[in-house]
Amino acid sequence: MGLLKARSGSAIPAAADAAEEPRLDHPDPMLRRRAVQALHGDPESVSVLVALLREEGDNLVRQAAFLALASLNSEKAAHGVAVMLSDADAALRNGALETLASMPTHAGGLLEPLGRDEDPDVRIFAVLLAGELQDSAAGAWLLSLAASETDPNVCSNLAEALGGTGLPDAVPALEAIAARFPDEPFLAFAVETALQRLHEA
Amino acid sequence: MASFPAPDLGAARISAEDVTVFCDFFYKKTGISMDASRRYFIDRRLEERMAANECRSFREYLSLVKFQPGGAEMQALINEMTVNETYFFREDYQFNCLTKRMLDEIANRKDPRRERIRIWSVPCSTGEEPYSIAISILENWPRASDFDIEIIASDIDTRALGKARNGIYQARALHRVPQRVRDTYFRKVDSESWQVVEDLRDSIDFGIVNVSDPVQMSRMRGIDVIFCRNLLIYFDDLSRRQTAENFFDALNPGGFVALGHSESMSRISPIFLPRKFPEALVHQRPLA
């Protein structure tokens, strides 16, 4: 025993044959995951993957589904994923955010409708997404939302995101947020921290 | 003696737009995200390949790369664009972790009469890493003779693989190899170079694998430890996530991934468990 001699011709071990056919509804998560992987690159798989994500509890299967959607990098995929930003499941929301951030071309256009959502949590995710996208259009959108946002928790996230933009226009926008909520000390702190970051940038 | 002037293949013929087109193409083929800001590096290498193929424009060269039967020029381009600077026992704390911790965990789950231990070094570059792994095991893992151990080493760069198979190294690559180890596993070729002994060269299974190619990756299964150091830093987020999923599939349950010191699996994908050993932090595919 010890180190084996290299096999001539091929460095690659052969794949073991799967004992069972993968299915999206298979009780074994590894076979559900494999069924998801088989959908990679299929532009018609968006609705199937989104529906699966809403039901699926296994993290491995979820990650594979999010990756399949991210790989599609299409407007349809971005819209499908964005719906999950309002899901009650935090892990699903975070997965959706990461997936959207990986398709900036299509995610950028979603900021506007997401910013109008009645649910402040969805608007917070939109702000986080804009922070991830880090482009000029996302920066401009953050400034426009900051001018009208009335929820202090959204504004707290806006402050953090604006602090990372390096935009000179972020300074008056942040000062306006602080002035809008004089009785929210946590918001004053968030604005102060963001202003400091902008000055240091 | 008179000679024809060399064709004018100056850098001016590669525009910023060409570089962007090239970066997109190279990313789709390899998963490697070339930074367009590295214009000098990219231009120089493209110019060399264009000159070698007597292409008079970038477009002409790109057509050759895309449509050449057999893909020889694509391979030559990959060889030019990838970086192969390394040395023996680089970041050796991970090899210490392998022989002190990981291999024992893996061995305890295996029947030595029927099951082999399989280790994969990717990218293996010019071979310093897989040979370091082999030497570390032979020198430092007391149970090495109880198991069949298979070391697979792969790279996307065929020129680097050729050097790895030859196993000839200069003093610079060997500066961290103790004299006793050098005397045991190398033979002197000349005053400047040493060659890995034949037995050790024959024990590494070198081959070409593109970790971004789903077809090639689907053939990699049953691995116990993957060393993938300083590769993912060249990938974008999506390619990193895809590679993490591919590694998960390639590993046996309980298998480990060792990344480079500046790389963090937790920032790439949540599907691995971080394992903090005294020697190193590695990433484990859950047992169940």
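Residues numbered from 1 in each chain as written. Chains lettered and ligands numbered in written order. Predicted model: local features only at pLDDT ≥ 70, side-chain atom pairs only at ≥ 80, totals over all residues.

Chain A goes by HEAT repeat domain-containing protein in an unreviewed UniProt entry, where it is assigned to Novosphingobium olei.

Once that is clear, we can look at the overall build of chain A. Scanning chain A for helices and strands turns up 12 helices and 1 strand. Going from the N terminus to the C terminus, chain A shows its helices and strands as β-α-α-α-α-α-α-α-α-α-α-α-α. Relative to the 2.2 N^0.38 estimate, which gives 17 Å for 201 residues, the radius of gyration of chain A is 22 Å and therefore markedly larger than a compact globule would have. Summarising its shape, the C-alpha atoms of chain A cover approximately 70 × 40 × 30 Å along the three principal directions. (Helix = DSSP H or I, 4+ residues; strand = E, 2+ residues; numbered from the N terminus. Rg over C-alpha atoms; globule rule 2.2 N^0.38 Å.)

Our focus in this paragraph is the overall build of chain B. Scanning chain B from terminus to terminus reveals 11 helices and 10 strands. The C-alpha radius of gyration computed for chain B amounts to 21 Å, which stays within 12% of the reference 19 Å derived for 288 residues, consistent with globular compactness. Projected onto its principal axes, the C-alpha coordinates of chain B cover approximately 65 × 50 × 30 Å. By the burial criterion, 40% of the 288 residues in chain B qualify as buried. The contacts of chain B with a sequence gap of at least 6 include a subset with a gap of at least 24, amounting to 73%. (Buried ≥ 20, exposed ≤ 12 C-beta atoms within 10 Å, placed from the backbone. Contact = placed C-beta atoms within 7 Å.)

The next thing to look at is the nonpolar core. Residues Ala 134, Ile 151, Ile 226, Cys 228 and Val 257 of chain B are the most contacted members of the largest nonpolar core, which totals 68 residues. The element best represented in this core is helix H5 (residues 93-108) of chain B, accounting for 6 residues. Not counting the four nearest positions on each side in its chain, Cys 228 of chain B is found in contact with Val 122, Phe 247, Val 257 and Leu 259 of chain B. With 58 residues, the next largest nonpolar core counts Leu 53, Val 81, Ile 124 and Leu 133 of chain A among its residues. (Core = buried A, V, L, I, M, F, W, Y, C linked by C-beta atoms within 7 Å.)

Residues and elements named next belong to chain B. Here chain B is partitioned into domain 1 (11-81) and domain 2 (93-284). Here domain 1 and domain 2 have C-alpha centroids that lie 30 Å from each other. Contacts between domain 1 and domain 2 engage 7 residues on the former and 11 residues on the latter. The element best represented in the side of domain 1 that touches domain 2 is helix H4 (residues 72-81), accounting for 3 residues. Tallied by class, the residues present in the side of domain 1 that touches domain 2 amount to 2 nonpolar, 5 polar and no charged. (Domains from an automatic or database assignment. Nonpolar A, V, L, I, M, F, W, Y, C, P; charged D, E, K, R; others polar.)

Between chain A and chain B, the contact holds 22 residues from the first and 34 residues from the second. Element by element, the count of residues in the side of chain A that touches chain B is highest for helix H3 (residues 59-72) of chain A, at 7 residues. Each residue belonging to the side of chain A that touches chain B can be placed in one class, and the counts come to 14 nonpolar, 6 polar and 2 charged. As paired strands, strand S1 (residues 2-3) of chain A and strand S2 (residues 148-155) of chain B are joined by 2 bridges and run parallel to one another. Bridged to Leu 3 of chain A within S2 of chain B is Ile 149 of chain B. (Pairing = 2+ DSSP bridges.)

Let's shift gears to the domain arrangement of chain A. Domain annotation for chain A reports domain 1 (22-108) and domain 2 (134-201). Between the C-alpha centres of domain 1 of chain A and domain 2 of chain A there is a distance of 31 Å.

The next thing to look at is the packing of helix H10 (residues 152-163) of chain A against helix H12 (residues 185-200) of chain A. All names here are of chain A. The N-to-C vectors of H10 and H12 enclose an angle of 10°; their axes lie 8 Å apart at closest approach. It follows from the interaxial angle that H10 and H12 lie roughly parallel. Across from Pro 152, Cys 155, Ser 156, Ala 159, Glu 160, Leu 162 and Gly 163 in H10, the residues of H12 making contact are Phe 186, Leu 187, Ala 190, Val 191, Thr 193, Ala 194, Arg 197 and Leu 198. Considering only residue class, the contact of H10 with H12 consists of 10 nonpolar, 3 polar and 2 charged. (Axes fitted to C-alpha atoms, helices over the stretch in contact; angles between N-to-C directions. Parallel < 35°, antiparallel > 145°, perpendicular 65-115°, else oblique.)

So, on to the sheet that holds strand S5 (residues 193-196) of chain B. Residue and element names in this part refer to chain B. Strands sit in the order S3-S5-S4 across an open sheet of 3 strands; the sheet is antiparallel. The sheet terminates laterally at strand S3 (168-170) and strand S4 (186-188), the two strands that pair on one side only. Looking at each pair of strands side by side, their axes are set apart by 35° on average, direction ignored. Where S3 meets S5, 3 bridges bridge the pair, whose relative direction is antiparallel. Its bridge partner being in S5, Ile 168 is matched across the sheet by Gln 195.

Looking now at helix H2 (residues 39-52) of chain B. Within an α-helix, residues lying three or four positions from one another point in the same direction, as the helix has 3.6 residues per turn. All names here are of chain B. With 14 residues, H2 should cover 20 Å at 1.5 Å per step; its first-to-last C-alpha distance of 20 Å lies within 8% of that length. Of the surrounding elements, those touching the buried residues of H2 are helix H1 (16-30) and helix H3 (58-67). After H2 finishes, the residue Glu 54 shows a positive phi value of roughly 55°. (Expected span 1.5 Å × (residues − 1).)

What follows is about the pairing of strand S9 (residues 273-276) of chain B. Side-chain positions along a regular strand alternate between the two faces of the sheet. Residues and elements named next belong to chain B. Bridge count between S9 and strand S10 (residues 281-284): 4 bridges; the pairing is antiparallel. Along S10, the bridge assignment pairs Pro 274 with His 283. Taking the residues that link successive antiparallel strands as the turn, the S9-S10 hairpin has 4 residues.

In terms of strand pairing, strand S8 (residues 251-259) of chain B meets S10 of chain B through 2 bridges, oriented antiparallel. When the bridges of S10 of chain B are listed, Val 257 of chain B appears paired with His 283 of chain B.

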